[in-house]
Amino acid sequence: MDLPGLAVILQAALSPNPDERKAAEHSLDQFQFTPQHLVRLLQIIVDNNCDMAVRQVASIHFKNFIAKYWTPIDPNEQQKILPTDKNLVRENILPFVAQVPLLLRVQLGECLKTIIHADYPEQWPALLDWVKLSLQCQQVYGALFVLRILARKYEFKSEEERIPVSRIVEETFPCLLNIFSGLVQIVNPSLEVADLIKLICKIFWSSIYLEIPKQLLDQTVFDGWMALFLNVLERPVPLEGQPMDPELRKSWGWWKVKKWTVHILNRLYTRFGDLKLRNPENRAFALIFQKNYAGKILECHLNLLNAIRVGGYLPDRVTNLILQYLSSSITKNSMYNLLQPQLGVLLFEIVFPLMCFNDNDQKLWDEDPHEYVRKGYDIIEDLYSPRTAAMDFVSELVRKRGKENLQKFIQFIVEIFQRYDEVPVEYKPYRQKDGALLAVGALCDKLKQTEPYKSELERMLVQHVFPEFNSPVGHLRAKAAWVAGQYAHISFSDPNNFCSALHCVVSGLRDLELPVRVDSVFALRSFVEACRDLNEIRPILPQLLDEIFKLMNEVENEDLVFTLETIVDKFGEEMAPYALGLCQNLAAAFWRCMNTAENDDEADDPGALAAVGCLRAISTILESVSRLPHLFVQIELTLLPIMRRMLTTDGQEVFEEVLEIVSYMTFFSPTISLDMWSLWPLMAEALADWAIDFFPNILVPLDNYISRGTAHFLACKELDYQQSLWNMISTIMADKNLEDNDIEPAPKLVQVVFQNCRGQVDHWTEPYLRITVDRLRRTEKSRLKCLLMEVIADALYYNASLTLGILHKLGVATEVFNLWFQLLQQVRKSGLMANFKREHDKKVCCLGLTSLLGLPADQLPGEALGRVFKANLDLLVAYKDQVAEAATEEDADADDDMNGFQTDDDDDDEGDGFDKEMGDDEDGDEADSLRLQKLAAQARALHANDDDDDYDTDDDFSDDEELQSLIDDVDPFVFFVDTVKVMQASDPLRFQNLTQTLDFHYQARANGVAQHAEQRRAEIEKEKLEKASAAGAFT
C-alpha cells in the first residue's frame, strides 16, 4: 500500500462511525506484514504536514507492531518483519526522536526500547557510534534520549551481562561530562536545560546502579562528576516558572533534577560510605569518598531540609531521600559527629513536624477518606513518604544512639502531652499530639524493653492515649486506636485498662469517620491476639464480624482480612455458626477485589493483595470447622464459582490459595460432590499448560479425589479420570527437561492409585511400572530414586505376582531389585539408613517386600527368598526403632508442655496472654532451648560427612503427618508374620530351608519381630475395643 492510501486508512480508523473504524482496522491488519509497511508508518509519524491525529494513530500502530513482532517469543517462529525493513527502521528512527512532538516521542521511545533490548549490540553495533557523533555535533537532546534507553537496558543486569556498559561509558561519558559542565554554567537556565541535565543524571544512575564502571573509579574523572552533582545540589531551584499546583510542582523539571541528584549521591553513599565493603579493591576509593564527599553531601542535605523549618517547599520524594541519607549516617561515627551539633534543630524542628498531621492530610481526610486509608496502608507509598522516613530516622536514632537521644526525645513528647492537657479545648495542639502519638507507636519495640519507660507504659496509655478515643478530632481517634494496638500485648497491671481499651477499639468500628474504623479494625487484631479471657469478646462476636464485613464492603485492605483471620483462629470451632456467612462475605469481597485488580495494572495493587487475603481467610475458616463436615456441604455452593474461575489462567496470582481451598473441600466434605469433581479437568489442564511449579499443591486434592472418591474415580466414563491421571503422570515423568525435584508428586500419585485401588487397576500396572523404571534409569537424586522404588513396592503390595511378572517381561527385575537392596543397605556414618528415612517410606518398602514372601517357589527361588527375607527383617527393625524414638520424643514434648502449663499463675511475664497460656516462660524457654540443642546435635551427627546426601533434611525427623492412606491400618509386623505363617503352612520344606540359611543374628531378629508382631496384634485389638466402647457410649 502506498503512503497516501495508508494515510487514508489511518484517518478512517479515527472515524466516529464504528463500521468505518472497524473496516479501517481490518485493512491495517491485512497489510501489516507487507514489505515496508513499518517504514511507511514511520514516514507518516515524522511528517509535519500530516494531520496530528493521523500521526498519533500511526505511532500507536507502529509501537504495538514492533512490541509484538520485532522479536518472536518462540525462537523457532518465522520472522514477521523483513531484515531489510528492520534496517530501514533502525537507520531512520534515530534522527527524528528529538524532532517529533512529545506525544509522539513517547511512542517512539517505547519502540526504541524494544529494538535496543533486542538488537544492541549484535544487530545494531552502529547505535553507539551514532550517539557519540550526535553528542559531538550538538544534537544533544536526541542523543541523550537514546543513550538513556541504552543505559537503562543494563541497569539491573548481572555482572556478565553488563560487559557492554564499559564501552558505553568509555565512548560517551567524557562528552557527557563536558556537556554537563557547560549546562551548569548557564546563567538563568531555561526549563530545557533542566530536561537535559535530568537525562544526564538518569544515564549516570543507570550506569552505576549495580556496579561503578571502572572508568569512574579514576579519581580525576570522579571528582569532575562529583563537582557538578554538588553544584546542582547546592544551587537553589529557580523561583520563576514554578507551578502553583502541588502535583505539577513536584514534577517540575528543576525539582526533578534535584531529586535525581540526591538519588545518585545517596546511591554512591550506599556503595562507598561504609568502609566494610565486600570488594577490598575499592576500599581506598571509599576512603577518599568518605573524606572528600560524604560530609559535604550531608551538609548540603541539611541545608535543603532547612526549607521545611522556615516554611519553604521541598518535594516529598526529595525529603524522603535526604532523610534516608541521614538515617544511614547515624551508625557511622564520623558522620554522626557532623550531624550532632544540628541534631536538636533537625529532630525537633524538622523531623518531628513531618510526623505531625498536616493540611494535606486534612484535605485528603475530608475530600477522599478512601484514598487517605489507601495511602496510609500502602507499602509503596511508604517508600516515598516523608513521614515514614521521619519515623525511620527517629527509630534508627534511638536504636543506635539511644543513650544520648532517647531521653531527650521522650521528654520532648511528654512536654507535648502536658501542654496539650493544660490548654483549653479551642487551643489544643491536636496535630502535635497526633505526631507525638505516632512517635510513641513507632518506638514501641524500644520502649517495651527499656527502663524506666517500660514500667510507665500502662500509665502513659491511660493518661495520654486512651482519652483520645473520645476526641472531637477524627485523626486523633484513629491514632489512639493505632497506638493502643501497638501496645495491646504489654502486661497490664490492671486488667480493666486492657478491657476498657478493647471496648473503645470495638466502638471505633462504628465511628462515623472511615479512617477511624479502619485503624480500629487494625488495632482489634492485636487485642484479639493478646486477649486472655475470650469472654470479653465472645458476647459481641456477631457484631464484630458484621462491622468488619461492612468495612470490607467499603475498602479493599488486606489488614482487615488479617484481623478476621485472627478472630477465626482464636475462636476455632466456635466460629461454626458464622462459617457460612463468613465465607459468603469473604467470597463477595474477593470478587470485588479481583474486579479492582483487573481494572488496575499495578502489580502491587491493594485489591490484589486483599483478594489473596480473602482466600487465606476462607482457608482459615475451613480449617477451624474441619471437624464439622456438614458445614462443607453448605459452604461449597459459595466457593465453587471462585474455584472454577481461579483454577484457570485467570487465577494464576491466587492459584496456590485456591488449591488449598480445594484441598480442604475434597478432604473434609462428607463426600466429594459431582460439582467438586468438575474441578479435576481444570487442574489437569493447568498442570499440562503452565502450572508445573504448583504440582506439589495439585497433588493434595488429586490424592483426595482418588482416596476419598475411589468408586467414582474408577467407574466414571463421562470423564475418564484414570486416563486423565495417566496423561498427567506419563507426560511429566517422560519429560527430560524437568528436574528430579519437579516430578516428585508424580510417583506419589501412582502410589495413591496402587494403595487405594487394589485389584481394580490391573490394566494400569504395566504402563505405570514401565514409566517408573524408565525414569528410575535416568534419575540422579536419591530422593526421587526412593520415591520411584516405593511405586514398585506399592505395586508389589497391590499384586506381587502381577508386578513381578511385568518386571520380568520388561527385563528389568534383576536390575530393579539390585538397586532397591543397594538403596536399603546404604547407611550414614551414624549408622542410620541413608535412604527411605521417613516411617512411611520404610513401611511401604516393608509391605512390598513382605508381599514377595507370599509368592510360590517358582516365582521367588530360594536364593531370592533369603535375600528378601533378610532385607525385610532389617527394615522392620529400623522401622520399629524409628517409631519408638518418635514416641519418646512425643512424650518428652508432652512433658515439656506440662512443665510450661504449671507456670500459668506467673503474671509477671511481659509476654502476651496467648504466649502465657502456652507456657511461654523462662523455664519453658530454657527447656525448649535444651531440646533444640539436643536436636541440633543429633542433626549434626546425622549429617556429618554425608555430603552425598541430597534428601531433604526436614525429612530426617518428621513424617508426613497429613499423609493418610489405606495402608495406615496395616501393621507391617502383623502382615509380615501372617505372610510367613501362610508360607510355612503351604510349603513347610521351603520355610525350613529358609530358616536354616539364617545365621544367629537374623534368627534373633526374626524372633524379635515375631514377638513384636504379637504385641502389636494385642494393642490393635485393644484399640478396636476401646473405639467400639467409646462409640457405644454416645449411642
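Use the structure listed above.
Residues numbered from 1 in each chain as written. Predicted model: local features only at pLDDT ≥ 70, side-chain atom pairs only at ≥ 80, totals over all residues. Heavy atoms only, no water.

### Regarding the overall build of the protein
- On a plain count of helices and strands, the protein comes out with 52 helices and 0 strands.
- Viewed in the frame of its principal axes, the protein has a C-alpha envelope of about 110 × 80 × 65 Å.
- A burial count over the protein gives 50% of its 1035 residues as buried.
- For the protein, long-range pairs separated by at least 24 residues make up 74% of all intrachain contacts whose partners lie at least 6 apart in sequence.
- Working note: accessible area of the protein is about 49700 Å², and carbon and sulfur atoms make up 51% of it.
- Charge-centre separation for the protein: the mean point of 102 positive side chains lies 6 Å from the mean point of 161 negative side chains. (Helix = DSSP H or I, 4+ residues; strand = E, 2+ residues; numbered from the N terminus. Buried < 20%, exposed > 50% of the residue type's maximum accessible area, 1.4 Å probe, protein only. Contact = heavy atoms within 4.5 Å. Areas by Shrake-Rupley, 256 points an atom, 1.4 Å probe, with all protein chains shown as cover. Lys, Arg positive; Asp, Glu negative; His and termini not counted. Charge placed at Lys NZ, Arg CZ, Asp CG, Glu CD.)

### Focus: the environment of Gln584
- Among the secondary structure elements, Gln584 is positioned in helix α31 (residues 576-598).
- The spatial distance from the C-alpha of Gln584 to the C-alpha of Leu631 is 13 Å, given a sequence separation of 47 residues.

### Describing the packing of helix α1 (residues 3-12) against helix α3 (residues 37-46)
- The geometry of α1 relative to α3 is characterised by a closest axis approach of 10 Å and an angle of 70° between their N-to-C directions. By the angle between their directions, the pair α1 and α3 is classed as roughly perpendicular. Only His37, Arg40, Leu41, Gln43 and Ile44 of α3 make contact with α1, whose side of the interface consists of Leu3, Leu6, Ala7 and Leu10.
- The class makeup of the residues in the contact of α1 with α3 is 6 nonpolar, 2 polar and 1 charged. (Axes fitted to C-alpha atoms, helices over the stretch in contact; angles between N-to-C directions. Parallel < 35°, antiparallel > 145°, perpendicular 65-115°, else oblique. Nonpolar A, V, L, I, M, F, W, Y, C, P; charged D, E, K, R; others polar.)

### Comments concerning helix α43 (residues 782-798)
- With 17 residues, α43 extends 24 Å between its outermost C-alpha atoms, agreeing within 8% with the 24 Å of an ideal straight helix rising 1.5 Å per residue.
- The element α43 is extensively covered by neighbouring structure, given that 16 of its 17 residues are classed as buried. (Expected span 1.5 Å × (residues − 1).)

### Considerations on the nonpolar core
- With 340 residues, the main nonpolar core has Phe62 and Trp680 as its most contacted residues.
- If you tally residues by element for this core, the top one is α43, at 12 residues.
- The contacts of Trp680, once residues within four sequence positions are left out, are Leu702, Tyr705, Ile706, Phe713, Tyr721, Ser724, Leu725 and Met728.
- Ranked by size, the runner-up nonpolar core spans 5 residues in total, among them Phe357, Tyr372, Ala478 and Val516. (Core = buried A, V, L, I, M, F, W, Y, C linked by side-chain atoms within 4.5 Å.)

### A few points about helix α4 (residues 52-69)
- Spanning 18 residues, α4 covers 26 Å between terminal C-alpha atoms, matching the ideal 26 Å at 1.5 Å per step.
- Against the buried residues of α4 lie α1, α3, α5 (83-96) and α6 (102-119).
- Where α4 starts, the residue carrying a side-chain oxygen 3.1 Å from the main-chain nitrogen of Ala53 turns out to be Asp51. (Polar contact = N/O pair within 3.5 Å; in protein donor to acceptor, adjacent residues only side chain to side chain.)

### A closer look at the state of the cysteines
- According to the stated counting rule, one finds 0 disulfides in the structure shown.
- Unpaired in this structure, Cys137 has its nearest cysteine sulfur neighbour in Cys175, at a distance of 9.5 Å.
- Relative accessible area serves as the criterion here: at 44%, Cys137 is assigned to the partly exposed category.
- Sulfur of Cys444: no disulfide; nearest cysteine sulfur belongs to Cys356 and is 19 Å away. (Disulfide = S-S within 2.5 Å.)

### Looking at the packing of aromatic side chains
- Enumeration over the complete set of coordinates arrives at 57 aromatic pairs.
- Ring centres of Phe33 and Phe65 lie 5.7 Å apart, and the angle between their planes is 55°; this geometry places the pair in the tilted category. Of the two residues, Phe33 is situated in the loop between α2 (18-31) and α3 and Phe65 in helix α4; the sequence distance between them amounts to 32 residues.
- Exposure remark for Phe33: the relative accessible area of 36% places this residue in the partly exposed category.
- For Phe65, a relative accessible area of 6% puts it in the buried group.
- Here the aromatic rings of Trp365 and Tyr372 are separated by 5.0 Å at their centres, their planes lie at 75°, and the arrangement is edge-to-face. Each member of the pair Trp365 and Tyr372 is classed as buried. (Phe/Tyr/Trp six-rings, centres within 6.5 Å; stacked < 30°, edge-to-face > 60°.)

### Brief notes about the side chain of Asn557
- When you line up the elements, Asn557 lands in the loop between α29 (541-554) and α30 (558-571).
- There is a polar contact of 2.7 Å between the side chain of Asn557 and the backbone nitrogen of Asp559.
- With near-sequence residues (within four places) excluded, Asn557 lies in contact with Val373, Tyr377, Val518 and Ala610.

### Quick look at a nonpolar patch on the surface
- Taken together, the side chains of Ile380, Leu383 and Tyr384 define a hydrophobic patch exposed on the protein surface, amounting to about 270 Å² of accessible area.
- Mapped onto the secondary structure, Leu383 falls in helix α20 (residues 379-384). (Patch = residues over 30% accessible without salt bridge, like charges linked within 9 Å, V, L, I, M, F, W, Y side chains within 5 Å. Salt bridge = Lys/Arg side-chain N within 4 Å of Asp/Glu carboxyl O.)

### Considerations on the pattern of salt bridges
- Considering all chains together, one arrives at 41 salt bridges under this definition.
- Among the salt bridges present, the one from Glu349 reaches Arg309, with a minimum N-O distance of 3.2 Å. You can see Glu349 sitting in helix α17 (residues 343-355) and its partner Arg309 sitting in helix α14 (residues 283-309), a full 40 residues away along the chain.
- Since its relative accessible area comes to 38%, Glu349 is described here as partly exposed.
- Judged by its relative accessible area of 38%, Arg309 is partly exposed.
- Glu381 is the salt-bridge partner of Arg374, the closest N and O atoms lying 3.0 Å from each other.
- Judged by relative accessible area, which is 27%, Arg374 ranks as partly exposed.
- Each of Asp129, Lys132, Arg167 and Glu171 takes part in a single network of salt bridges with overlapping partners.

### A short note on the side chain of Gln242
- Mapping Gln242 onto the fold places it in the loop between α11 (219-234) and α12 (246-250).
- Overall, Gln242 belongs to the buried group, its relative accessible area being 12%.
- At 2.8 Å, the side chain of Gln242 and the side chain of Arg249 are in polar contact.
- Among residues more than four places away in sequence, those in contact with Gln242 are Val237, Arg249, Trp252, Trp255 and Tyr313.

Any functional reading would require information that these geometric values do not contain.
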